[in-house]
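Structural characterization, general
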Amino acid sequence: MDRMFRVCGFWTGIFAVLFLVGSMHEMAILFFGQTGAFIALSYLKLTERAYMYIFGAYLTLFFVGFTYFSTFLLEPGIGGH
């Protein structure tokens, strides 16, 4: 299970770089933070149950935060230069 947290860390790192390239700096910082948290948690050698509880809490917080961001903070528009 610890390897899956490293995989999640890898993918959140990829998304962080893509957000950074897309000039979405707030989201990039958020995803870099998630990357660090996933990588740090993967080396704790917790039980599988603990990893599942942590992942469930992460999903809840992430979806609430992302919904808030996309509803209230994201400015709609295409290419608004």
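Please refer to the structure higher up on the page.
Residues numbered from 1 in each chain as written. Predicted model: local features only at pLDDT ≥ 70, side-chain atom pairs only at ≥ 80, totals over all residues. Heavy atoms only, no water.

It is worth spelling out the packing of aromatic side chains at this point. Within this structure, the stated rule accounts for 13 aromatic pairs. Measuring from centroid to centroid gives 5.1 Å for F10 and W11, while their planes differ by 75 degrees, and the two rings are edge-to-face. An aromatic cluster of at least three residues, connected via ring pairs, comprises F5, F15, F19, F31, F38, Y51, F55, Y58, F62, F63 and F66. Directly above the aromatic system of Y43 lies the positively charged group of R6, at a separation of 4.4 Å from the ring centroid. (Phe/Tyr/Trp six-rings, centres within 6.5 Å; stacked < 30°, edge-to-face > 60°. Lys NZ or Arg CZ within 6 Å of the ring centre and 35° of its normal.)

It is worth spelling out helix α1 (residues 2–21) at this point. Over its 20 residues, α1 runs 29 Å from end to end, which matches the ideal 28 Å to within 8%, given 1.5 Å per residue. What α1 keeps buried is the set D2, F5, G9, T12, G13, A16 and F19. Relative to the axis of α1, the buried residues are bounded by an arc of 125 degrees and lie together on one face. Away from its buried face by more than 90 degrees, α1 exposes R3, L18 and V21. Of the surrounding secondary structure, the elements contacted by the buried residues of α1 are α2 (25–42) and α3 (48–73). Immediately beyond the C-terminal end of α1, within one or two residues, lies S23, with a positive phi of roughly 60 degrees. (Helix = DSSP H or I, 4+ residues; strand = E, 2+ residues; numbered from the N terminus. Expected span 1.5 Å × (residues − 1). Buried < 20%, exposed > 50% of the residue type's maximum accessible area, 1.4 Å probe, protein only. Arc of directions from axis to C-beta. Contact = heavy atoms within 4.5 Å.)

With that settled, the discussion passes to the packing of α2 against α3. Where α2 meets α3, the axes come as close as 13 Å, and the angle between the chain directions of the two elements is 180 degrees. Between α2 and α3, the interaxial angle falls into the category roughly antiparallel. Seen from α2, the contacting residues are M27, F31, Q34, F38, L41 and S42; seen from α3, they are Y51, I54, F55, Y58, F62, F66 and F69. Taken together, the residues of the contact of α2 with α3 break down into eleven nonpolar, two polar and no charged. (Axes fitted to C-alpha atoms, helices over the stretch in contact; angles between N-to-C directions. Parallel < 35°, antiparallel > 145°, perpendicular 65-115°, else oblique. Nonpolar A, V, L, I, M, F, W, Y, C, P; charged D, E, K, R; others polar.)

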